[in-house]
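Spelled out, the chains give:
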Amino acid sequence: MSAPGVLSFTQQGWEQVLAKVKRALVYLDAACAESLHWGCGSTRLLEAVGGPECHLREFEPAAVGGGAKQPKAVFVLSCLLKGRTVETLRDIICRSHFQYCVVVTAVNHAVHLTANHVPAAAAAELEGQQPVFEQLEEKLCEWMGNMNYTAEVLHVPLLLAPVAPHLALTPAFASLFPLLPQDVHLLNSARPDKRRLGSLSEVDATALTPELFLQIRCLVSGLSSLCEHFGVREECFAVGSLSRIIAADLANYAPAKNRRKTATGRASVVFVDRTLDLTGATGHHGDNLVEKIISVLPQLPGHTNDVMVNMVELTALQNEEKSQSMVAPGCLAQPKDAAAKALWEALLSTKHKEAVMEVRRHLVEAASRENLPIKMSMGRVTPGQLLSYIHLFKNNLKALVSHCGLLQLGLATVQTLKHPQTAKWDNFLAFERLLLQSIGESTMSVVLNQLLPMMKPLNQRTDNDYSPEELLILLIYIYSVGGEFTVDKDLGEAEEKVKKALAQVFCEESELSPLLQKITGCDSSIKLTFHKSKIAVDELFTSLRDIAGARNLMKQFKSVYVPGNHTHQASYKPLLRQVVEEIFNPEKPDPVDIEHMSSGLTDLLKTGFSMFMKVIVLSTRLLKPFNIPELLFATDRLHPDLGF
């Protein structure tokens with residue numbers, strides 16, 4: 001699979017959108033904005049719109065409508081044209097003066113038929129027709145106030161945010177998370193007693209809520225379009241319960257079946273439930289600079305995978321908090337800057353020390369090309385040294401503009417290296433290593449008791465102590481790496497102590513973070529009582545136990561923990577690494593935990609992994625990619641650790 005494949009798929013989709021936006025007011029939702037951000041850049045859209053004014057707006061109920069001199073609108077949406085989305089469209093159009101409306105959806109018409117409860121047989125008869133889109137076009141004209149005005153509704157597969165040649169994300173599915181055992185109880189509440197589910201292994205597409213099923217079908221629609229772009233006939237494999245449902249849906253998706261009849265290439269798609277291994281997502285043993293940048297710098301508003309880079313250092317302003325809000329932030333995505341892209345890709349695939357040296361090399365070479373008075377220094381790279389190189393561009397507008405992307409990555413590196421949280425990284429790493437040794441030698445109750453002294457309320461914490469969010473990260477790490485454990489009296493008592501301590505920590509926060517607000521259901525610390533906090537923590541530990549038991553149904557991949565011996569310390573072996581080793585090991589029998597999803601009788605006759613021609617690995621949540629020359633997707637957040 002060629003490196004440009006993911007990028008060309010995204011850019012090809014955006015070219016279809018850009019052809020419609022000339023002199024238009026363009027509304028984008030967050031997921032499509034993120035796809036544009038990584039795939040083409042917002043400047044490409046502004047160039048296509050033309051005109052001196054900025055015509056980009058966020059698609060939301062409170063969005064400002066179009067004025068009398070703005071007769072054309074283009075809406076670019078990642079979701080189904082149904083429910084609240086259609087209501088928002090109506091409200092914006094009704095308070096505007098549009099005469100020409102184009103609505104672009106990333107979800108194809110076949111899924112809209114499913115969402116409108118059209119039976120499969122009836123949908124098959126409508127092949128080539130788009131009644132749902134046609135009905136919406138009539139509504140658009142009605143809302144514009146004249147049936148003779150122009151309205152278009154079309155599908156463009158804006159699925160991906162291509163972060164690197166072999167890594168793409170699907171921001172529209174940031175909330176898609178594998179089911180946990182407690183979710184079986186929720187699914188059973190809507191089923192008669194005789195049809196109740198016993199475990200996650202019994203859950204199939206028919207057992208899902210309509211909302212979750214449609215979310216999966218939207219993802220499947222986009223993946224099918226991607227396979228069409230590659231010209232491949234895909235074989236679908238799964239590791240985990242939700243992955244099995246997604247893989248089966250893609251294998252049996254009617255438009256995909258028709259497409260495969262004429263496909264000339266072959267590919268294997270492996271879906272992996274992220275809940276099977278949350279250790280890597282929460283751990284700090286990755287020696288990668290990008291991982292640290294994304295972990296410590298503030299998130300770019302509306303994005304799931306980019307950060308805000310403070311650019312005040314390149315201005316005449318003082319580097320103070322009030323100055324930061326006056327200057328637009330920089331970011332990591334630099335799709336139009338070849339040099340910055342090359343550096344970004346190098347940072348993704350190198351260890352921390354080499355990455356920092358690579359940043360220095362790029363800055364030095366850029367300064368030399370611009371004949372800036374650079375003073376070379378060898379040896380260890382420091383934040384101050386990098387900042388001195390960046391300051392050389394400050395008073396040279398031409399050089400600053402030419403290397404703006406590179407300077408943003410350089411400043412991201414400097415701010416990460418100087419960030420207090422980076423100094424704390426080693427504390428996390430030391431504790432995680434201690435936990436790995438303890439897990440092999442002690443019970444879970446002993447491990448939890450080691451964590452207890454670290455749970456300090458706000459008035460007792462120093463900068464070196466753990467915040468509530470950091471304590472949650474450690475708890476997820478403990479339960480995920482430990483896996484299935486014996487529940488006994490000691491564990492119950494240890495958990496109860498930790499619960500009470502954590503509930504008290506939550507209660508004594510002066511201000512609740514967005515995460516704590518979501519967990520506790522309280523929007524302010526004043527409303528959070530110990531009773532409410534304890535209830536939230538009890539629910540939290542139910543999820544933690546589900547995470548610990550996530551691999552119970554596995555036969556081969558039951559553990560990510562490697563016990564220590566006389567020559568090696570205990571360590572963590574990522575599940576994704578285990579999966580890839582199984583796939584590419586010719587000496588091992590067929591892996592029993594990697595299920596092949598059949599799309600028909602012919603597939604049922606196939607055995608083994610001889611069909612693996614190209615491999616696409618997809619994770620149904622937070623994913624740490626590894627460095628293989630293939631293609632990798634995550635449905636949520638970028639979290640690189642390429643020490644594979």
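Okay, so let's go over this structure. (Residues numbered from 1 in each chain as written. Predicted model: local features only at pLDDT ≥ 70, side-chain atom pairs only at ≥ 80, totals over all residues. Heavy atoms only, no water.)

Turning our attention to the overall build of the protein. If you tally the helices and strands in the protein, you get 27 helices and 14 strands. Relative to the 2.2 N^0.38 estimate, which gives 26 Å for 644 residues, the radius of gyration of the protein is 26 Å and therefore close to what a compact globule would have. With respect to the three principal axes, the spread of C-alpha positions in the protein is 75 × 75 × 60 Å. Looking at the 644 residues of the protein, the share that counts as buried comes to 53%. (Helix = DSSP H or I, 4+ residues; strand = E, 2+ residues; numbered from the N terminus. Rg over C-alpha atoms; globule rule 2.2 N^0.38 Å. Buried < 20%, exposed > 50% of the residue type's maximum accessible area, 1.4 Å probe, protein only.)

Our next topic: the nonpolar core. Of all hydrophobic cores here, the largest spans 54 residues; its most connected members are Val239, Met455, Leu475 and Leu502. Those elements that provide at least two residues to this core are strand 8 (232-239), strand 9 (265-272), helix 20 (420-441), helix 21 (444-451), helix 22 (468-482), helix 23 (489-507), helix 25 (530-548) and helix 26 (575-584). At nine residues, helix 23 tops the list of elements feeding residues into this core. Once residues lying within four places of it in the same chain are set aside, the contact partners of Val239 are Val270, Phe271, Val272, Asp273, Leu276, Met554, Phe557, Val579, Asp593 and Ile594. (Core = buried A, V, L, I, M, F, W, Y, C linked by side-chain atoms within 4.5 Å. Contact = heavy atoms within 4.5 Å.)

Attention shifts here to unusual backbone geometry. Even without being a glycine, Arg23 presents a positive backbone phi close to 60°. Its relative accessible area of 58% is what places Arg23 among the exposed residues. Even without being glycine, Asn371 reaches a positive phi, approximately 60°. One can find Asn371 in the loop between helix 16 (352-369) and helix 17 (383-391). The exposure class assigned to Asn371 is exposed, which follows from its relative accessible area of 71%.

For the rest of this paragraph, the subject is the sheet that holds strand 3 (residues 72-77). The strands making up a sheet associate through hydrogen bonds between their backbones, and the pairing can be parallel or antiparallel. Pairing is parallel in the open sheet, where five strands are placed in the order 2-1-3-4-5. Looking along the sheet, the strands with just one partner apiece sit at the ends: strand 2 (56-58) and strand 5 (150-155). Going across the sheet, the axis of each strand differs from the next one's by a mean of 15°, ignoring polarity. Summarising the sheet, strand 3 and strand 4 (residues 100-105) pair through six bridges and their orientation is parallel. Bridged to Val74 within strand 4 is Val102. (Pairing = 2+ DSSP bridges. Axes fitted to C-alpha atoms, helices over the stretch in contact; angles between N-to-C directions.)

It is worth spelling out helix 21 at this point. Those residues of helix 21 that fall on the buried side of the exposure criterion are Met444, Ser445, Val447, Leu448 and Leu451. Projected onto a plane normal to the axis of helix 21, the buried residues spread over an arc of 160° and lie on a single side. Considering only its buried residues, helix 21 is in contact with helix 20, helix 22 and helix 23. (Arc of directions from axis to C-beta.)

This paragraph deals with the side chain of Ser243. If you trace the backbone, Ser243 turns up in helix 10 (residues 241-252). There is a polar contact of 2.6 Å between the side chain of Ser243 and the side chain of Asp273. (Polar contact = N/O pair within 3.5 Å; in protein donor to acceptor, adjacent residues only side chain to side chain.)

Turning our attention to the pattern of salt bridges. As enumerated under the stated definition, the model contains 21 salt bridges in all. In this structure, Asp91 and Arg90 form a salt bridge, with 3.3 Å as the shortest nitrogen-oxygen distance. Using a relative accessible area of 31% as the deciding quantity, one classes Asp91 as partly exposed. We note a salt bridge from Glu365 to Arg361, for which the minimum N-O separation is 2.7 Å. Here Glu365 pairs with Arg361, and both are found in helix 16, just four residues apart, close to one helical turn. Owing to a relative accessible area of 38%, Arg361 belongs among the partly exposed residues under this scheme. Taken together, the salt bridges that share partners define one network made up of Glu496, Lys499, Lys534 and Asp538. (Salt bridge = Lys/Arg side-chain N within 4 Å of Asp/Glu carboxyl O.)

By themselves, these are just geometric observations and shouldn't be taken as functional.
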